[in-house]
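Close look at the chain arrangement
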Amino acid sequence: MKRMILGSGWKMFLSDSEALAHAEAIAAYGTEAQGLELFVLPSFTALHRVTERLAGSGIRVGAQNMAWAEKGAFTGEVSVLSLKEMGVTHVEIGHTERRELFGETVATIALKLRTALQHGLTPVYCFGENAAEKRNGQTERVLAEEFREALHGIGFEEAQTIIFAYEPVWAIGVAQSAEPEEVNPIIGSLRSVLAELYPSSKEGSEFRIVYGGSVNLDNFPKLLEQPHIDGLFVGRASLVPENYAEMVRQMTRKAAEQR
Ligand code: 13P
């Protein structure tokens, strides 16, 4: 039985003291969450203190990026070894802001996926079509091509530990999420692509696929109802502790219904 997933990406919205205060404010909600996988993604500099504060809370901590190499001449990068020493369990790979603003490519994303898996970190692998690809009806083709390249050589067992985060580029950081009814069949088609890549799969049902992009308390319930969605990945709206608490509550209820 898959656990429902609630991810919270803090991006670069919080200073270290603000991040610690936020961790303090949400720490108690982890223990209330039955049957969920909760993770938060602070900035690198806040990781140490937030990881310490949330240890044992039921809320896991991840990094927003990492180097593909373990060690060496990689100025400005952060190693998987440092993340593990801090008790980090998740790592976000390939967020659209990394791709668009910092030139990340599918080739480097593929390397980082491997490094994370080799070291037992849970990759939160982000991907999604941009506005032009959507307009031209290329969404499914573009995403399938990306999967083939990014997942090449990654085995079925390992791929099941990845959190696949479908985040349409045009739906991130705006007022409205993608329509829940539109997201569901796209995630369904991603399951078919995964089932093709992994013939032992039962129609891609083993894979954990979440939706992200302008999730808030208004659209949360409807998104949660979609059968192909295993969880939600929230940016801005999750930075208000009361909102976060309500999201945890709603998802816990949903997870209980599914059991
Ligand atoms: P928003 O929820 O602020 O649109 O951010 C989503 C996101 O990028 C999560 O990775």
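Described in the following lines is the structure provided in the data block. (Residues numbered from 1 in each chain as written. Predicted model: local features only at pLDDT ≥ 70, side-chain atom pairs only at ≥ 80, totals over all residues. Heavy atoms only, no water.)

Residues in contact with the ligand, as listed here, are Lys-11, Glu-92, His-95, Glu-167, Ile-172, Gly-173, Gly-213, Ser-214, Val-215, Phe-233, Gly-235 and Arg-236. Take Lys-11: an N or O atom from its side chain is 2.7 Å from an oxygen atom of the ligand. Between Ser-214 and the ligand, the recorded distance is 2.8 Å, taken from a backbone N or O atom to an oxygen atom. A total of 310 Å² of accessible area belongs to the ligand in isolation, and the protein chains cover 99% of it. (Near = heavy atom within 4 Å. Polar contact = N/O pair within 3.5 Å; in protein donor to acceptor, adjacent residues only side chain to side chain. Areas by Shrake-Rupley, 256 points an atom, 1.4 Å probe, with all protein chains shown as cover.)

Turning our eyes to something else, we now look at unusual backbone geometry. In this structure, Lys-11 is a non-glycine residue whose phi angle is positive, near 45°. Within the element layout of this structure, Lys-11 appears in the loop between strand E1 (4–9) and helix H1 (16–26). (Helix = DSSP H or I, 4+ residues; strand = E, 2+ residues; numbered from the N terminus.)

In this section: the pattern of salt bridges. Counted under the stated rule, the structure contains 14 salt bridges. Residue Lys-11 is joined to Glu-97 by a salt bridge in which the shortest nitrogen-to-oxygen separation is 2.8 Å. In this pair, Lys-11 sits in the loop between E1 and H1 while Glu-97 sits in helix H5 (residues 96–102), placing the two residues 86 residues apart along the sequence. Under the relative-accessibility criterion, Lys-11 is labelled partly exposed at 21%. The class of Glu-97 is partly exposed, set by a relative accessible area of 27%. One salt bridge in this structure joins Glu-246 and Arg-249, with 3.0 Å as the shortest N-O distance. A residue pair is termed a helical-turn pair when its members lie 3 or 4 positions apart in one helix, as Glu-246 and Arg-249 do in helix H12 (residues 241–258) at 3 residues. A relative accessible area of 22% means that Glu-246 is categorised as partly exposed. Taken together, the salt bridges that share partners define one network made up of Lys-2, Arg-191 and Asp-230. (Salt bridge = Lys/Arg side-chain N within 4 Å of Asp/Glu carboxyl O. Buried < 20%, exposed > 50% of the residue type's maximum accessible area, 1.4 Å probe, protein only.)

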